[in-house]
Structures are given as C-alpha cells and as structure tokens.
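Overview (structure and organization)
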Amino acid sequence: MSSYGSFLSSEQFQCSICLDVFNNPSSTPCGHSFCVACINQYWDKAKVCQCPLCKRTFQKRPDLQINRTLREITEQFRSISVGGGGGGGPVREKKAGRVREGAMSDALFSELTKKLPRPQANTPLTSEEPGEPIASTPQVTTPMASSVPNQSPISVVGGIGGPPPAPSLLSQPSGRRRFTVSGAASSHHIPICQIHQRGILIFCRTDGECICPNCEAEEHCGHDTVTVEAAWMDKQAQLKETEQHIQEMITQRLRKIEEIRTSVADLGLAVERETAGSVCMFSELVAAIERSQAELIDAMEVKRSASQQLADSMIRQLELEVEDLKQRESALAKLSASDDHIHGIKNFPGVCSPLPDKDWSNVSLAFDLGTSAIYKSLAAQVEKFQERLRSVTETGFIATPLEASPTRPLPRMRRVQEYAVDVTLDCNTAHPRLILSDDMKSVRCGERHQLLPDNMERFDRVVCVLGREAITSGRHYWEVLVGGKTDWDLGVARQSINRKGKIEVTPSNGYWFLSLRDKNKYAFRTEPSTDVHLNLRPNKIGIFVDFDRGQVSFYNVDCKIHIYTFNDTFTECIFPFFSPCTNKSGKNDGPLIITPVDKAD
C-alpha cells in the first residue's frame, strides 16, 4: 500500500442528503451523486426538481438509475473500512477537518483501475481543487493499457459522475495522477454518456461520433479514434479554411453586386441615349414627311387653281366662238332662203368672211401636278433616314450624347419660334397663394393666402394666373421652364372664363391647356381628358397660338418635338394661362418661369 501513498476519505462516499455512506447511489444529469432513495424523497417534497448541491433545475424530472460502478466502489470502501482488507486495520487521523481512513489495498486499486475510465493519450490532467497544481510527471499505467490499441494509461478522470463538486477519493503524491469519484479532474464540464455514465472524451472518426471509453471498447473497437480535443483541433483548421473560403465567396458576390449595379446604371444611360436619339431621328423623319405633305398640298392646290383658271379661259373662248358660228349659221340660212338676188349679192361677203382658224383638236388641259420634285426630295430624305437607321442598327447611338450631337432643328419648331412674344404675368388675376417675381416672369405656390384685394379678375379657388398680354389675332409663341416640378398646367384661356369657385377646365368652358400630374402623367384637358405618353420628360414647354386658324400647339423645346395641337374657334380674346399647382408640402415648390426664346436654337 505504501507504494501508492494514498488514503481513502469517507466524505467522498457520503450522500449530502442523509450524510451517510452511499446506499444504491445514483447520479443526476448535473453530475452529482446521492442515494437513490434520498434524492427521490427530496424531489417528492419539492415543487421543482433541483440539484441539492449546485441548485440546477430540471424541466422534467430525471429518470434516475443506480450508478453500478459507484455502488461497487462504495461496497469496496465499506468492506475495507469495516474489515481492514489488505493487511492492516483502518487507520484514522484528523487533518484539516478531513478523516482519512486505512490505506487502500492492492486489490482495491486494481479493481478501481478496471472499473474507472481510461482517458486518451495526451489528455491533460487538471487539479480538482482550486489552487492545486496540475500533475506534469509521467502517468501511472497498468497492464490493461497495453491490451487496447491507441489507449493511454488508465485513469478515473471523467469516468463516473461528471464535474467534481466532491473531494478526491484517491490522492497521489507529486508525479502521480489523481482519481475522483464524481467525474473528471478538469475545469471543463465534460458531457456524460447516457449509456455508461462516463465522460465523453473520445471521437470516432470512422463513425463521426463522440463516445466514452466504454463505447469505444464495446462498439468502436478497431475504429480510427482520437481525443475530442485532437478532433476539435482538426475541425478548427477546417473551420479556418471554410471561413476563408466563405470570405472569398462574400467578396466575389459583393463585387458582382457592384458590377450589376454599374450595369443597371449604364443600361439607364443607354436607354436615355437610345430614347433621345431615336426620338430626334424619327422626329426629323416625321417633320420631313409633314413638310413634304404640306408642300405637296400647296403645290397641288396651286396647280389646281392655275388649271381651273386656264380651263375657264379656254371654255370662255370656245363659247364665244360657238356663239359667233351660230350667228353665221343663222345668217347663212336666211341669205340662202332669200329670193332677192341683189340683197344676196350685197350681203354675201359679210356672211362668208373667213371663219376662226384656231385648231382646238390638239388643245387639252395638262394633268402634270408638278409634285415630282417634292417626291424626289422626300425620297432623298427617306434614303438618308434609312442609311442612318442601318447605321444605328449596327452601332447604336454610341457616337456622342444627344446634347453634343449636331442635330438640325426641326423646321416647324424654328418657324413657330419666329413668332416669339414677350409674355408677363397679370398680378390682378393671381390666386392669393401664388407668389410672383418682381419682373412678373415666374410664379410659385406659397403655404398660405396673402392679403390681396378680391377683385373680379382674381381666381379665388384654383391656384392659377393669366398673362397680361391679350391675344386677339395673329400668331404668338412663348416658352415656360417647368423642370423639377411634379404638377403644372399651361395653355390659354378666354377672357370671359369663370374665375370664382370650382372651375371646369375644358375647351368648351374656355380653357385649352396641357397638364402634368404626379411627375409623369401628362394629359390634355379635352372632353374627356386625353392622356399622352412622352418618352422624354420636358424641361421646357413651348406654347404656340394661331388665333386666326384656331390652333393652340405645345412643344418639347429641348427635344424640338411637337406634342399636341388643339383645333378650335376663338370668338373672343384669349390670355396665356399658368398654374404651378399646390406645392404639396414642398415636393412641388418649384416655380414656372417664362424664359426668353432663343430663335437661333
């Protein structure tokens, strides 16, 4: 016994409930051991199942089983304490409040090494009690260790009951390992095998399971096994590789997100460029067709008028000749019927004077309308358009942005700009919420009403204002900057319109204007309202009025595109009409600005 230098302590086999040596000991899931009768009686009286030592609470009452290994060790201890087995009675001494009883026999030590678990090689041994140093000298081995492959020397560490709250059962001097009854002598909480009630310290690589030493000996014999710590070290290396791979994947996907966003932005620019280019290209073709159509109509009208005049002249001449011939025919008939020979001789020269000698057989009215030159010119422009269209089909609109491209202004747009007039706002007609600039060139809607005289000319419900210049005849053109606004109305209104209360804005009530609502909904106030879809949002609107022909036309000044034309009859003078609409809590706060017309544009 002196070779082990160990002493048994009765406290390690003592139930903390009855304070007696274990009787049919059972271990709770938290690793503490009690007499099975004591712990069941303790829980029967309690409202919740709680460990008497560590106070851990269990949601469901554990199904306790007798810890057979601990019971056998307890019986061995009880037989030694009573019978002094191993040669020598029990020895008692008091030291620091602990009772140490008789030396453990060789037979008991051998029995303990068989009953208690065997940790894997390289498993560090730690101190059970605070402040006690970790054993660093070679471990104690038994002959049993050599019979199991890949097994380290046998030890009780982590074997019986989980984390150690109780004192040590077997104390070894420096250089020897320590054994505990209640679990592994470690600072870690090692999980317990539910089958063998031993610490799970081994990882089976073959089956990919964490097992206890008994599981290894019974079900995993010959498998590739390592300590859980060694397996975790391998897994950590794999985790680092996986983490690095994940970071690379994240980086790749973030780059792809940025690439897609850049592509979307580029696509937006391409759409704008394509839209602007196509609008200008087709607008030029449409303008050329409209111009040729107008020239054709004018040319044919001129030809028809000239042909009509010529035909009238020829018909008149022929009618005169027919009348003269009929008179001669009548004179000849009378003369030939006369019996007065002298009368006949005297009048014969007058009746038989030379007849009209004009040959009308080859005379006809020409049907040449004189339009071939116009068609040839249009054909040349269409051919030019087709060439440009083929070029666009191959390369797209990629040469330069529309703003920098030297596009030729539409003749129609250029013609209406020649009728530019100076338009100013009439403050006497402005709604009280409207704020006009000092030069009477811009208007916006304020937050509240201003104190203004309520004269007959002023609008009191609709936030609008009229221009000061009346239009009574001729052609007039002005431009209004509308960029940045979400709502507005522009056009003309006749002098006799109703300016008080609710207004029905239709041509029959004297309003002809274009409206914008919600930033992208354009409409003309006809009956019913006419929606219009504009590919390019106008920044500046041009308004052209031909009073004599009863026309009000609207243009996208920036793209030089005709938008729409009202055709009506004006029976009284009309005025320019402006409405910036309400400011919508600042979203539509921008002004309508009457800008100078650049005739050279």
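Residues numbered from 1 in each chain as written. Predicted model: local features only at pLDDT ≥ 70, side-chain atom pairs only at ≥ 80, totals over all residues. Heavy atoms only, no water.

**So, the overall build of the protein**
Defined as follows: Helix numbers and strand numbers start at the N terminus; a helix is a DSSP run of H or I with at least 4 residues, a strand a run of E with at least 2. Two residues form a contact once any of their heavy atoms are found within 4.5 Å.
In terms of regular secondary structure, the protein is built from eight helices and 23 strands. Considering only contacts in the protein between residues 6 or more positions apart, those separated by 24 or more positions represent 63%.

**What about the confidence of the model for the protein?**
The line we're drawing: A score between 0 and 100, pLDDT records how confident the predictor is in each residue.
On average, residues of the protein score 76 in pLDDT, and 77% of them are at 70 or above. For the protein, per-element mean pLDDT is lowest for strand 6 (residues 93–95), which scores 37, and highest for strand 22 (residues 574–579), which scores 95. Note on residues 84–103: pLDDT is under 50 here. Beyond four places in sequence and across chains, it has 39 contacts. In this model residues 117–187 is a low-confidence stretch, pLDDT under 50, and it forms 178 contacts with partners more than four residues away in sequence or in other chains.

**Brief notes about unusual backbone geometry**
Just so we agree on the cut-off: Under the scheme applied here, a residue whose accessible area is under 20% of the maximum for its type counts as buried, over 50% as exposed, and between as partly exposed, the area being computed with a 1.4 Å probe on protein chains only.
One non-glycine residue, Lys-519, lies in the positive phi region at around 75°. With respect to the secondary-structure elements, Lys-519 resides in the loop between strand 16 (511–517) and strand 17 (521–524). Look at Lys-519 and you get partly exposed, because its relative accessible area is 47%. With a phi close to 60°, Cys-581 is a non-glycine residue in the positive phi region. Take Cys-581: it is sitting in the loop between strand 22 and strand 23 (592–595). A relative accessible area of 10% places Cys-581 in the buried class.

**Comments concerning the packing of helix 5 (residues 228–336) against helix 7 (residues 372–395)**
Think of two packed helices as two axes; the pair is described by the angle between the axes and how far apart they sit. We count it as follows: Lines fitted to the C-alpha atoms define the axes, with helices restricted to the stretch that makes contact. Angles between their N-to-C directions range from 0 to 180 degrees. By definition in this entry, angles of less than 35 degrees are roughly parallel, angles greater than 145 are roughly antiparallel, angles of 65 to 115 are roughly perpendicular, and the rest are oblique. Charged means Asp, Glu, Lys or Arg here, nonpolar means Ala, Val, Leu, Ile, Met, Phe, Trp, Tyr, Cys or Pro, and polar covers whatever is left, Gly included.
Orientation of helix 5 relative to helix 7, taken along the N-to-C sense of each, is 170°, at an axis distance of 10 Å. If you check the angle between helix 5 and helix 7, you find them roughly antiparallel. Tallied by class, the residues present in the contact of helix 5 with helix 7 amount to 14 nonpolar, three polar and five charged.

**Looking at the packing of helix 5 against helix 6 (residues 341–351)**
Which entries qualify depends on this criterion: In this scheme the crossing of two helices becomes right-handed for a clockwise turn of the near helix relative to the far one and left-handed for an anticlockwise turn of less than a right angle.
Running from amino to carboxyl end, helix 5 crosses helix 6 at an angle of 165°, the nearest separation of the two axes being 10 Å. Here helix 6 runs roughly antiparallel to helix 5, going by the angle between their axes. Considering only the axes of helix 5 and helix 6, their crossing is left-handed. Note on element contacts: helix 6 touches helix 5 through His-343, Gly-344, Asn-347, Phe-348 and Val-351, opposite Arg-328, Ala-331, Leu-332 and Leu-335. For the contact of helix 5 with helix 6, a count of residues per class yields five nonpolar, three polar and one charged.

**So, the side chain of Arg-499**
The test is simple: Two N or O atoms form a polar contact when they lie within 3.5 Å of each other; inside protein one atom must be a possible hydrogen donor and the other a possible acceptor, and for residues adjacent in sequence the pair counts only when both atoms belong to side chains.
Here Arg-499 shows up in the loop between strand 15 (488–494) and strand 16. One polar contact links the side chain of Arg-499 to the main-chain carbonyl oxygen of Glu-457, over a distance of 3.0 Å. For Arg-499, the contacting residues outside a window of four places in its chain are Thr-429, Met-456, Glu-457, Arg-458, Phe-459, Asp-460 and Leu-466.

**Observations concerning the pairing of strand 19 (residues 540–546)**
Spelled out, the test is: For two strands to count as paired, DSSP must find a minimum of two bridges between them.
The buried fraction of strand 19 is high, at seven of seven residues. Burial of the side chains of strand 19 extends over both faces: Lys-540, Gly-542, Phe-544 and Asp-546 are buried on one face and Ile-541, Ile-543 and Val-545 on the other. Alignment of strand 14 (residues 475–481) against strand 19, held across seven bridges, turns out to be antiparallel. Note that in strand 19 the partner of His-476 across the bridge is Val-545. Connecting strand 19 to the next strand, strand 20 (residues 551–556), in antiparallel fashion are four residues, including Gly-550 with a positive phi near 70°.

**Quick notes on the pattern of salt bridges**
Inclusion rule: Salt-bridge detection follows one rule: a side-chain nitrogen of Lys or Arg within 4 Å of a carboxyl oxygen of Asp or Glu.
Per the counting criterion, the structure on display carries 15 salt bridges. Between Arg-205 and Asp-224 there is a salt bridge, and its shortest N-O distance comes to 3.7 Å. Taken together, the residues Arg-205 in the loop between strand 8 (202–204) and strand 9 (209–211) and Asp-224 in the loop between helix 4 (213–219) and strand 10 (225–227) connect sequence positions 19 residues apart. According to the relative accessible area criterion, Arg-205 is partly exposed, its value standing at 39%. Lys-441 is the partner of Asp-422 in a salt bridge, and the nearest nitrogen-oxygen pair spans 2.4 Å. Residue Asp-422 is found in the loop between helix 8 (411–417) and strand 11 (434–436), and its partner Lys-441 is found in the loop between strand 11 and strand 12 (442–445); the two are separated by 19 residues along the sequence. Judged by relative accessible area, Lys-441 falls into the buried class, the value being 18%. One network of salt bridges, with partners in common, ties together Asp-487, Asp-518, Lys-521 and Lys-584.

**Section: the sheet that holds strand 16**
The six strands are arranged 13-22-15-16-17-18 in an open sheet whose pairing can be described as antiparallel. The two strands at the open ends of the sheet, each matched to only one other strand, are strand 13 (465–466) and strand 18 (530–532). As defined by bridge partners, strand 13 adjoins strand 22 across two bridges and the pair is classed as antiparallel. Bridging from a neighbouring strand, Val-465 pairs with Phe-578 of strand 22.

**So, the environment of Ser-377**
Inspection of the secondary structure assignment puts Ser-377 in helix 7. For Ser-377, a relative accessible area of 36% gives the class partly exposed. Between the C-alpha atom of Ser-377 and that of Ser-292, which follows or precedes it by 85 residues, the distance is 8.2 Å.

**Thoughts on the state of the cysteines**
Note the following rule: Counting rule for disulfides: a pair of cysteine sulfur atoms within 2.5 Å.
In the structure shown here, the tally under the stated rule is zero disulfides. Between Cys-35, a cysteine without a disulfide, and Cys-15, which holds the nearest cysteine sulfur, the sulfur-to-sulfur distance is 3.9 Å. Of the cysteine sulfurs around Cys-210, a residue in no disulfide, the closest is that of Cys-204, at 9.8 Å. Cys-210 gets classed as partly exposed once you look at its relative accessible area, which sits at 48%.

**Structural notes on the pairing of strand 14**
In terms of burial, strand 14 is a largely internal element, five of the seven residues being buried. With three bridges connecting them, strand 14 and strand 23 associate as antiparallel partners. For Val-480, the partnering residue across the bridge sits in strand 23 and is Ile-594.

**Description of a negative patch on the surface**
Just so we agree on the cut-off: To count toward a patch, a residue needs a relative accessible area over 30% and no salt bridge; like charges are then connected within 9 Å, while nonpolar side chains (Val, Leu, Ile, Met, Phe, Trp, Tyr) are connected within 5 Å. Residue burial considers only the protein chains on display, and all accessible areas are found by Shrake-Rupley using a 1.4 Å probe. Just so you know, the count uses Lys and Arg for positive and Asp and Glu for negative, and it drops His and the chain ends. Positions of charges follow a simple convention, taking NZ of Lys, CZ of Arg, CG of Asp or CD of Glu.
On the surface, a cluster of negative charge is contributed by Asp-207, Glu-209, Glu-218 and Glu-219. Following the sequence through the fold, Asp-207 ends up in the loop between strand 8 and strand 9.

**Here's the deal with the side chain of Thr-74**
Note that Thr-74 resides in helix 2 (residues 68–83). Side-chain polar atoms of Thr-74 contact the backbone oxygen of Leu-70, separated by 2.7 Å. With residues near it in sequence (within four places) discarded, Thr-74 still touches Phe-13, Val-21 and Phe-22.

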